[in-house]
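Listed below are the residues making up each chain.
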Amino acid sequence: MNRLIKSELKKDLQLTYYWGFILGIVLMQILLCFSDDMNSINFVQSQLGEFFIILPMMMTAFIAGRGFSQRTNMYDIMMGNRPLKIIVSKLLSVGFITACIISFISLSFFFVISLVNSTGFNDAFIKEMMFILLIYKATFAGVLLALCFRSLASIAIVYLRVMLESIILVVYGSLKGNLSEIMDSLRGTPRIFDLLFYSNQISMISEGSPSADSLINILSGFAIMLLVWGGITYLLYKHKDF
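Just so you know, these numbers come straight off a predicted model, no measurement behind them.

Trainee: Is there a simple way to explain the overall build of the protein in this structure?
Mentor: Looking only at helices and strands, the protein features 12 helices and zero strands. Its helices and strands taken in sequence order, the protein reads α-α-α-α-α-α-α-α-α-α-α-α from the N to the C terminus. Residues counted as buried form 47% of the 242 residues belonging to the protein. Counting only contacts in the protein whose residues sit at least 6 apart along the sequence, the fraction spanning at least 24 positions is 76%.

Trainee: Looking at this structure, how should I read the packing of aromatic side chains?
Mentor: The description of an aromatic ring pair uses the distance of the two centres, along with the angle that the planes make with each other. Per the stated rule, a full pass over the model turns up 11 aromatic pairs. With a centroid separation of 5.7 Å and an interplanar angle of 90°, the aromatic rings of Tyr 18 and Trp 19 are classed as edge-to-face. Note on Tyr 18: relative accessible area 2%, which makes it buried. For Trp 19, a relative accessible area of 42% translates into the label partly exposed. Consider the rings of Phe 140 and Phe 222, whose centres lie 5.7 Å apart with planes at 90°: the pair is edge-to-face. Of this pair, Phe 140 sits in helix 7 (residues 122-149) while Phe 222 sits in helix 12 (residues 212-238), and the two are 82 residues apart along the sequence. When its relative accessible area of 11% is taken as the criterion, Phe 140 is described as buried.

Trainee: Looking at this structure, how should I read the side chain of Gln 29?
Mentor: Tracing the backbone shows Gln 29 in helix 2 (residues 16-33). According to the relative accessible area criterion, Gln 29 is buried, its value standing at 2%. A polar contact is formed between the side chain of Gln 29 and the side chain of Gln 47, at a distance of 3.0 Å. When neighbours within four sequence positions are excluded, Gln 29 is seen to be in contact with Phe 43, Gln 47, Ile 105, Ser 106 and Phe 109.

Trainee: Honestly, a nonpolar patch on the surface in this entry has me stumped. Any pointers?
Mentor: Among the surface-exposed residues, Leu 164, Ile 167, Ile 168, Val 171 and Leu 175 lie close enough to one another that they form a single nonpolar patch of about 470 Å² accessible area. Looking at where Ile 167 falls in the secondary structure, it is placed in helix 8 (residues 154-176). When its relative accessible area of 51% is taken as the criterion, Ile 167 is described as exposed.

Trainee: Explain the packing of helix 8 against helix 11 (residues 198-206) here, please?
Mentor: For any two helices packed against each other, the geometry is given by the interaxial angle and the distance between the axes. Interhelical geometry of helix 8 versus helix 11 gives an angle of 80° and a closest axis separation of 9 Å. Judged by the angle between their axes, helix 8 and helix 11 are roughly perpendicular. Across the interface between the two elements, Arg 161, Glu 165 and Leu 169 of helix 8 pack against Tyr 198, Ser 199 and Asn 200 of helix 11. By residue class, the composition of the contact of helix 8 with helix 11 is two nonpolar, two polar and two charged.

Trainee: Would you mind going over the packing of helix 7 against helix 11 with me for this structure?
Mentor: Orientation of helix 7 relative to helix 11, taken along the N-to-C sense of each, is 165°, at an axis distance of 10 Å. When the axis of helix 7 is compared with that of helix 11, the two are roughly antiparallel. Two packed elements cross with a definite hand, and for helix 7 against helix 11 that hand is left-handed. Counted together, Lys 127, Met 130, Phe 131, Leu 134, Lys 137, Ala 138 and Ala 141 of helix 7 and Tyr 198, Gln 201, Ile 202, Ile 205 and Ser 206 of helix 11 form the full contact between these two elements. Classifying every residue of the contact of helix 7 with helix 11 by side-chain character gives eight nonpolar, two polar and two charged.

Trainee: Help me out: how do you make sense of the nonpolar core in this one?
Mentor: As a rule of thumb, soluble globular proteins bury nonpolar side chains together. In this structure, Phe 43, Ile 53, Met 57, Leu 134 and Tyr 198 are the most contacted members of the largest nonpolar core, which totals 56 residues. Among the elements of the structure, helix 2, helix 3 (40-47), helix 4 (51-69), helix 6 (83-117), helix 7, helix 8, helix 11 and helix 12 are those that each provide at least two residues to this core. Element by element, the count of residues in this core is highest for helix 7, at 15 residues. With residues up to four places along the chain from it excluded, the contact list for Met 57 reads Ala 138, Ala 141, Gly 142, Val 158, Val 162 and Tyr 198.

Trainee: What exactly am I supposed to notice about the environment of Ile 97 here?
Mentor: Within the secondary structure layout, Ile 97 lies in helix 6. Of the residues examined, Ile 97 reaches a relative accessible area of 25% and is grouped as partly exposed. The sequence separation of Ile 97 and Leu 9 amounts to 88 residues, and the corresponding C-alpha distance is 8.7 Å. Setting aside chain neighbours within four positions, we find Ile 97 in contact with Leu 9, Tyr 18 and Leu 92.

Conventions used here
- Residues numbered from 1 in each chain as written.
- Predicted model: local features only at pLDDT ≥ 70, side-chain atom pairs only at ≥ 80, totals over all residues.
- Heavy atoms only, no water.
- Helix = DSSP H or I, 4+ residues; strand = E, 2+ residues; numbered from the N terminus.
- Buried < 20%, exposed > 50% of the residue type's maximum accessible area, 1.4 Å probe, protein only.
- Contact = heavy atoms within 4.5 Å.
- Phe/Tyr/Trp six-rings, centres within 6.5 Å; stacked < 30°, edge-to-face > 60°.
- Polar contact = N/O pair within 3.5 Å; in protein donor to acceptor, adjacent residues only side chain to side chain.
- Patch = residues over 30% accessible without salt bridge, like charges linked within 9 Å, V, L, I, M, F, W, Y side chains within 5 Å.
- Areas by Shrake-Rupley, 256 points an atom, 1.4 Å probe, with all protein chains shown as cover.
- Salt bridge = Lys/Arg side-chain N within 4 Å of Asp/Glu carboxyl O.
- Axes fitted to C-alpha atoms, helices over the stretch in contact; angles between N-to-C directions.
- Parallel < 35°, antiparallel > 145°, perpendicular 65-115°, else oblique.
- Nonpolar A, V, L, I, M, F, W, Y, C, P; charged D, E, K, R; others polar.
- Left-handed = near helix turned anticlockwise from the far one by under 90°.
- Core = buried A, V, L, I, M, F, W, Y, C linked by side-chain atoms within 4.5 Å.

Below, the structure is given as structure tokens:
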């Protein structure tokens, strides 16, 4: 597995697109710092949007998916590597490393803003860590979706997957007659939405003080995503369905 991880990291870190993406994240964080009345809690709140979830997810989907267009992912199978080893190596070398870099950038700006404005951490630090959990979930999801659909088209699938949440919420709210309440605060939705939907979890982090229930929902949703998409990916690799 070490060989697979080192090989993938070497390819990724040589990509101009990859470092362009990282630079884009840094520039966006800098722009957030220049917002009016910026402090630690406002900084975290400004990150809590679907854009900061879709971008890392699409990037990891692109990196993992390009291996199919270049046939390098096929070589991993042909060389006799076990499916689970391939999947875990992709999650670590693409999803985990990307999430670590984004987390480091976000936390660096968070600490600088907290110190400069003397606002302290309070609930803001807990919210920041919950947001970072969502980043890890998003990057891992991007990798698994790319491995499932086996092409660069997974970038579009990732985008549609997040946009589908809004469609489902509108349909559900229309059927239940509480559309305005759902669109305003995402309240009145089933528990499964809180576990699986990024929009619901973003809302849980942004509203009020952090709660144990919100953390449990995020961690449980993360575990469900890994089990479902990881299981599907494993079966596809196991049967060599390419």
